[in-house]
Structure formats: structure tokens, C-alpha cells
Amino acid sequence: MKCKKCGGKASVNMRQHRMALCKEHFIEWIPEQTERFIKKYNMFTREEKVLVAVSGGKDSLALWDILTRLGYKADGLYLGLGIDGGVNYSDESHRLTAEFAEKNGLTLHTVNIEKEYGYSIPVLSDISYRGHGKPCSVCGLAKRHEMNRIARDLGYDVLATGHNLDDEAAVLFGNTLQWSSDYLLRQRPVLPEKDGLARKVKPLCRFYEREMTAYSIARGIEYIYDECPFADGATQVFYKETLNQLENTRPGIKLTFYLRFLDARQSGNLFIEKDAVQAHIHPCAKCGQPTSAPDLCSFCRMIEKANTTTG
Ligand code: SF4
Ligand code: ZN
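Note that the structure is predicted; figures quoted are calculated from it, not measured. (Residues numbered from 1 in each chain as written. Chains lettered and ligands numbered in written order. Predicted model: local features only at pLDDT ≥ 70, side-chain atom pairs only at ≥ 80, totals over all residues. Heavy atoms only, no water.)

### Considerations on the site of ligand 1
No. 1: Around ligand 1, the neighbouring residues are Ile83, Cys136, Cys139, Lys143, Cys228, Phe230 and Ala231.
No. 2: Residue composition of the shell around ligand 1, by class: 6 nonpolar, no polar and 1 charged. (Near = heavy atom within 4 Å. Nonpolar A, V, L, I, M, F, W, Y, C, P; charged D, E, K, R; others polar.)

Spelled out as C-alpha cells, the structure:
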């Protein structure tokens, strides 16, 4: 297989684009494409301050690397979740994130949920009984709450996450299977700033997961290989595997599935749009973040409940 740009030996073959590239051209192509997506979806400009949510995994570190190479003002945010799971997942992911920041002279903000609120994610999950024994729903709620709070408190214009195409296609697949219209409506590469919620963007949403792995390795980025110990057996993982099987026989199907969905949204052809009811949003009485719940937001209610339970 030859590199499409230079004719040299290709190291990455992208069947969905019918294109193979050598290492050098691949690590140039990824930022070029990212820049194209940032512009196409009006994500942010070079004047705006971007906060990248970094977990120590390949996608978020690759995103930080790409934005920095493209000359954007991008700082990092690491959320300490207090997840151990035998591999000291949180410690190790923080170490790798901090090392990346230091090596590249970048600013990293670290917020430890346990220090901030008194409970790690697994403890909070046990106390609150949310998510039937799996901490993922508590974790997701806490991450959304904290990312928004910090972006707002520190004056960032936009919050960027490293979701790739495999993540987006799996979420879309799940939401379509269940016809979750609320979630389908919210799934886009850019969620504009609204009612006290920071603008959220996913600049890597059109890259396959394997492209992000190849990019991180080619760039020599040290990332945490272990998945979070709670990721195992998650429904999303099952959807990803199912989509991978489809992709093996029909290269490009994942990308088409996602892009056609975005096109349908864009052209207003997503019939659910007409039926969606807008919830009434107002500030949480405790933290001031937007919520549709009557008094406190779900996160503050969860912390209050934990405080009452533990006395
Ligand atoms: Fe949080 Fe781990 Fe679940 Fe991801 S898999 S949501 S990091 S607990
Ligand atoms: Zn609140």
C-alpha cells in the first residue's frame, strides 16, 4: 500500500476514504481535517479560549495536541474521579495528563471531585443508588456539572471533548434503537451556549477511533491504555462492537450513518424536531447552574442526599 501524497510506504489505510498515508503525511492530514471540521461547524475561532476536557486517554490528549499544533488557545481540564479498580486508574491517568502538559508547556487545571465535595465517584454512586451498581450515570452527571462550572468560573468560551466517530456512532445507534428524541436532538458536533451552559464542541467527531490511536502513537503521545474499570460490559461497548462488525463488511458505514444523521438534522428532516417539548430552565438554587428540576440541579441534589445519608 502506497501513501497517496508521496508514494512512499503507507502506514495507515483508511478504507472509508479509499486512502492510505505514510506516517508523516498522516500526522499532517489529521490537523488539516480537524481545522476543516472546526470551520465547517463553526466551533470556535483562534481568538477564543478553549478548555479541553482531558482524561489521559488517547482521544483527549490527541485533541489537545492537535489544537495546540493548529495554534488555538487551548488549556486542559482534568477531573479526578477517584476511580481505583486495581490499576489506580485515576492516579495513572492524571500522571500521564500532567506529563503531557508539562512536556508541551501547556496549562492544566485539575479538579478532584473527592476533595471538592467529599466523595469519590464510586462512593457517591453507592450512596445515591443511581445507575444500578454502575457508577457511570453518577460519573457522567458529575463530569457534566464540573466541566460546565469550571468553564464558566474560569472564563472559557468553549468546552472541547475528545469524542470520536466510534463514540458518536455508538451513541446515535443506541438513541435510534430507543427513539430517544431528546437525546437525538442534543447530539451534534456543536452545542451552542445556552441558559448558562457553556458551548460544547467535539472536533474529532468525524475520525475513527483507530485513526486517533494511530495519530497518538505516531505523535509519541503517552496515554493510558487501560479503560476505566467500569467501562467493561457497558452497553456502549456492545454497540461499538456491533458497528465494527458492520464496518468490516461495509467500510464507511459508520461514517455514513453519522453524517447522514447530521445532514437530516441540518435540513430539518428529523421529524422528531417538531414534537420536542422545551423544558423550563432556571438556575439551581445552590450552584447557579441551569436546571429543569424545581429547586436544586440533579448534581446538587445528589450531594445533599449523600450528606444526609452519611450524616
Ligand atoms: Fe466514568 Fe468510568 Fe463510567 Fe466512563 S466508564 S462514565 S469514566 S465510571
Ligand atoms: Zn446545582
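### So, helix H3 (residues 89–103)
No. 1: The terminal C-alpha atoms of H3, which comprises 15 residues, lie 21 Å apart, in line with the 21 Å expected from a rise of 1.5 Å per residue.
No. 2: When we look at burial in H3, the residues that qualify are Tyr89, Ser90, Ser93, Leu96, Thr97, Phe100 and Ala101. Looking down the long axis of H3, one finds its buried residues gathered within 135° of arc, a one-sided arrangement. Facing away from the buried side of H3, by more than 90 degrees, are the exposed residues Asp91, Glu102 and Lys103.
No. 3: Looking at the buried residues of H3, the elements they touch are helix H2 (58–69), strand E4 (73–80) and strand E5 (108–112).
No. 4: Gly105 sits one or two residues past H3 and shows a positive phi near 65°. (Helix = DSSP H or I, 4+ residues; strand = E, 2+ residues; numbered from the N terminus. Expected span 1.5 Å × (residues − 1). Buried < 20%, exposed > 50% of the residue type's maximum accessible area, 1.4 Å probe, protein only. Arc of directions from axis to C-beta. Contact = heavy atoms within 4.5 Å.)

### Remarks on the coordination of the zinc ion (ligand 2)
No. 1: Taken together, the protein donors to the zinc ion (ligand 2) comprise Cys284 (SG), Cys287 (SG), Cys297 (SG) and Cys300 (SG), at separations of 2.3 Å.
No. 2: Angles of 104 to 116° at the metal separate the 4 donor atoms of the zinc ion (ligand 2), which places the site in the tetrahedral class.
No. 3: As a motif over one chain, the donors of the zinc ion (ligand 2) read C-x2-C-x9-C-x2-C. Here Cys287, found in the loop between strand E9 (282–283) and strand E10 (290–291), pairs with Cys297, found in the loop between E10 and helix H13 (298–310); they are 10 residues apart in sequence, far enough to count as distant.
No. 4: By relative accessible area, Cys287 is classed as partly exposed at 22%. (Donors = N, O, S within 2.8 Å, 3.2 Å for Na, K, Ca; no water. Tetrahedral: all angles 85-135°; square planar, octahedral: opposite > 155°, others 65-115°.)

### A short note on the pattern of salt bridges
No. 1: For the structure shown, the criterion picks out 19 salt bridges.
No. 2: The salt bridge involving Glu209 is made with Lys58; its shortest N-O contact spans 3.4 Å. One end of the pair, Glu209, is in helix H9 (residues 209–218); the other, Lys58, is in helix H2, and 151 residues separate them in sequence.
No. 3: Assessed through its relative accessible area of 22%, Glu209 is described here as partly exposed.
No. 4: Looking at Lys58, the relative accessible area reads 13%, which means it is buried.
No. 5: Residue Glu168 is joined to Lys202 by a salt bridge in which the shortest nitrogen-to-oxygen separation is 3.2 Å. (Salt bridge = Lys/Arg side-chain N within 4 Å of Asp/Glu carboxyl O.)

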